[in-house]
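So you can see what is in the structure, the chains are spelled out below.
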Amino acid sequence: MVGYDPQADGRNISSSEVAVAGSVSGLVTRVMISPLDVIKIRFQLQIERLSRSDPGAKYHGILQAARQILLEEGPTAFWKGHIPAQLLSIGYGAVQFLSFELLTELVHRASKYDARDFSVHFVCGGLSASTATLAVHPVDVLRTRFAAQGEPKVYKTLRDAVVTMYRTEGPLVFYKGLNPTLIAIFPYAGFQFSFYNTLKHVHEWVMPAEGRKNENLKNLLCGSGAGVISKALTYPLDLFKKRLQVGGFEQARASFGQVRSYKGLLDCARQVLREEGPRGFFKGLSPSLLKAALSTGFVFFWYELFCNLFHHMKKADS
């Protein structure tokens, strides 16, 4: 069970174990989905249409983009920015799952609401993700810059990126895109947690008794479904976040096509609508949905797996 469950007090998982399970689930999942993340970011930052009919379009499909990146930049390009991405995943996973566990327990003990309700999971999931975002947003900006840059690289190492960005753009550069990130992450994570819980109940209702035995498969499938629903409902804000995070970084994107500068969230939305049309809000949706299905599914899968492992280890010792 993700979050506090008053009927499962016997699970006996400590706060530190919840944080470790969240960190490890993020770490393992990040390794697996990094190539899709790089392709998604490239799609989101491309001004030209994602279509073969646009002669200026560098990328127009997932397989074509994968071949192009592999040909031009080599296989390691699919893990560009992997170190900051891993720092992001480890820190984010720990803070998010620990915050969610504590918030749902607080709701149970301090109010009349059931800690397992859809609305409680939505609010607690949104708050926990917002807390995690504030903690790791600078690393997210670094990850986006690394994934977005072509050849030759502007930043050679993580330290080089931090020093260069601080000197040329000031300390606030590490919080570029924070507003749309917080606006997007609250409903996105809220829907993730609430739909995950709901889909698990639906799974138990739909599946025959013999089909309910594989808990790991259920966690993976329900997590994937929750990820797809959440991403589809909140996608445009993720695109705005990525566009704003690479502001001031235009010289590194010249080889990818047109570049734009945005004054803020509303200006970004207006420019995208004016130049790229309503479909521009959903650039990169296909790899994003695929990534959301895999990443959310595996995050919940690994988290539940490690929590159960900690529980069984404690039972064996007692």
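Nothing here was measured: the structure is a model prediction, and the numbers come from that model. (Residues numbered from 1 in each chain as written. Predicted model: local features only at pLDDT ≥ 70, side-chain atom pairs only at ≥ 80, totals over all residues. Heavy atoms only, no water.)

### Looking at helix α8 (residues 265-276)
Note the following rule: Secondary structure elements follow DSSP: runs of H or I of four or more residues count as helices, runs of E of two or more count as strands, with numbering from the N terminus. Here a helix's expected span is defined as the number of its residues, less one, multiplied by 1.5 Å. Here's how the labels work: a residue is buried when its accessible area is under 20% of the maximum for its type, exposed when over 50%, partly exposed in between, all with a 1.4 Å probe on protein chains only. By definition, residues are in contact when any of their heavy atoms lie within 4.5 Å.
The first and last C-alpha atoms of α8 sit 16 Å apart over 12 residues, in line with the 16 Å expected at 1.5 Å per residue. Turning to α8, its buried residues are D267, C268, A269, Q271, V272 and E276. Residues of α8 that are buried in the fold lie against α7 (215-245).

### A word on a nonpolar patch on the surface
Operational definition: Patch criteria: residues need more than 30% relative accessible area and no salt bridge. Like-charged residues are merged within 9 Å; nonpolar side chains of Val, Leu, Ile, Met, Phe, Trp and Tyr are merged within 5 Å. Per-residue accessibility takes into account occlusion by the displayed protein chains alone, with areas from the Shrake-Rupley method and a 1.4 Å probe. We count a salt bridge whenever a side-chain nitrogen from Lys or Arg sits within 4 Å of a carboxyl oxygen from Asp or Glu.
Taken together, the side chains of L27, V31, M32 and W79 define a hydrophobic patch exposed on the protein surface, amounting to about 330 Å² of accessible area. Within the secondary structure layout, M32 lies in helix α1 (residues 15-45). On the accessibility criterion, M32 (42% relative accessible area) is partly exposed.

### Some thoughts on the packing of aromatic side chains
The geometry of an aromatic ring pair is captured by the separation of the ring centres together with the interplanar angle, meaning the angle of the planes. The condition is simple: Planes of paired rings set the category: under 30 degrees apart is stacked, over 60 is edge-to-face and the rest tilted, where pairs are Phe, Tyr or Trp rings (Trp by its six-membered ring) whose centres lie within 6.5 Å.
With the rule as written, the count across this model stands at 17 aromatic pairs. A ring pair is formed by F97 and F300, whose centres lie 6.0 Å apart and whose planes are at 90°; its orientation type is edge-to-face. Of this pair, F97 sits in helix α3 (residues 82-110) while F300 sits in helix α9 (residues 285-317), and the two are 203 residues apart along the sequence. Classification of F300 by relative accessible area gives buried; the value is 2%. A ring pair is formed by F97 and Y303, whose centres lie 4.0 Å apart and whose planes are at 15°; its orientation type is stacked.

### Overview of the pattern of salt bridges
Counting across every chain of the model gives 21 salt bridges. When the shortest N-O distance is used, the salt bridge between D238 and K242 registers 3.8 Å. Of the two residues, D238 and K242 both sit in helix α7, 4 residues apart, roughly one turn of that helix. Among the charged side chains, a network of salt bridges with common partners joins R30, D37, K40, D140, R143, K231, D238, K241, K242 and K291.

### Let's talk about the domain arrangement of the protein
How we decide: Boundary definitions for the domains trace back to an automatic or database domain assignment. A quick way to say it: buried area is the sum, across both parts, of accessible area lost when two parts are put together, with a 1.4 Å probe.
Looking at the protein, the domain boundaries give domain 1 (13-80 + 282-309) and domain 2 (81-148 + 151-176). One C-alpha centre belongs to domain 1, the other to domain 2; they are set 16 Å apart. Contacts between the two partners involve 22 residues from domain 1, matched on the other side by 20 residues from domain 2. Contact between domain 1 and domain 2 buries roughly 1800 Å² in total, counting both sides, with carbon and sulfur atoms accounting for 64%. The largest share of the area that domain 1 buries against domain 2 comes from R30, I41 and K80, three residues that together contribute 33% of it. Between the two partners, domain 1 and domain 2, sit 1 salt bridge.

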